[in-house]
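Fold and geometry: a report
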Amino acid sequence: MDVQMKETTCAGDIPITDLVFGQVNMCPSQLTRNLLGQIGRSCYELVTQKVDWYTANINCLRKQAFLFRVSSDDENQGVLNMLTAFQHTEPVWTGLEDIGVEGVYKWVSGDPVVYTNWIPNHLSPDADIEDCVIFMSRNGGRWDDVACRGYLNGNQIHSFVCQYKI
Ligand SMILES: [Ca+2]
Ligand SMILES: [Ca+2]
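The structure contained in this document is the topic of the report that follows. (Residues numbered from 1 in each chain as written. Chains lettered and ligands numbered in written order. Predicted model: local features only at pLDDT ≥ 70, side-chain atom pairs only at ≥ 80, totals over all residues.)

1. Notes on helix H1 (residues 53–62)
Residue pairs spaced three or four apart in an α-helix point in one direction, given the helix's 3.6 residues per turn. What counts here: Residues with at least 20 other C-beta atoms within 10 Å of their own are called buried, those with 12 or fewer are called exposed, and the rest are partly exposed. The C-beta atoms themselves are positioned from the backbone. What counts as a helix is a DSSP run of H or I of at least four residues, what counts as a strand is a run of E of at least two, and both are numbered from the N terminus. In this description, the arc belongs to the directions extending from the helix axis to the C-beta atoms. Placing C-beta atoms from the backbone, we regard two residues as in contact once those atoms come within 7 Å.
Regarding H1, the residues found buried are Trp-53, Ala-56, Asn-57 and Cys-60. Taken end-on, H1 shows its buried residues confined to a sector of 100°, consistent with a single buried face. Opposite the buried face of H1, at more than 90 degrees from it, the exposed residues are Ile-58 and Arg-62. In this structure, the buried residues of H1 make contact with strand S3 (42–51), strand S4 (66–67), strand S5 (92–97), strand S7 (132–136) and strand S9 (158–165). Count one or two residues on from H1 and you reach Gln-64, which has phi positive near 60°.

2. Some points on the pairing of S5
The criterion, for reference: The pairing criterion is simple: DSSP has to find at least two bridges between the two strands.
Where burial is concerned, most of S5 is hidden: six out of the six residues are buried. Taken together, the three bridges between S5 and S7 define a ladder with antiparallel strand orientation. Within S7, the residue paired with Glu-97 across the bridge is Cys-132. In this structure, S5 lies alongside S9, joined through two bridges in parallel fashion. Bridge pairing links Val-92 to Ser-159 in S9. In this sheet, strand S6 (residues 106–107) lies alongside S5 in antiparallel orientation, the contact comprising two bridges. Bridged to Leu-96 within S6 is Trp-107.

What follows is the structure, encoded as structure tokens:
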């Protein structure tokens, strides 16, 4: 798995000194202010602003991207490595949701769900109102379903990662 990262040129970004920054040459050129990573044939943009899932989803779609999806253990590890490199330890929204039909998960990218990495016992009695999925760096990149917005088992606003297919 080829992982390349760099600090973008915007002064004031989090300094990351322990990585060799390759060219993030597949990332859209207009992305200058956020943290970027390149994993495989996708570019990933960490947006550290905390918002509800719907706001995050629209933010990515407006940029011709989508909330990130994970199709393999390698990709999951790649995202974990990227967030770790950016010293981002808080959860991020993924593009996985079961808003339409309880228990039927979909990626907003339209990709099939071929891989999951749930925390043990992620399904709580609130499963029917926990319809959006976070990726948790502190839990080794495991996932949990939480409420898409509002306050349920915590205030559900999170940073997020947009994925740009190349
Ligand atoms: Ca659910
Ligand atoms: Ca849950």
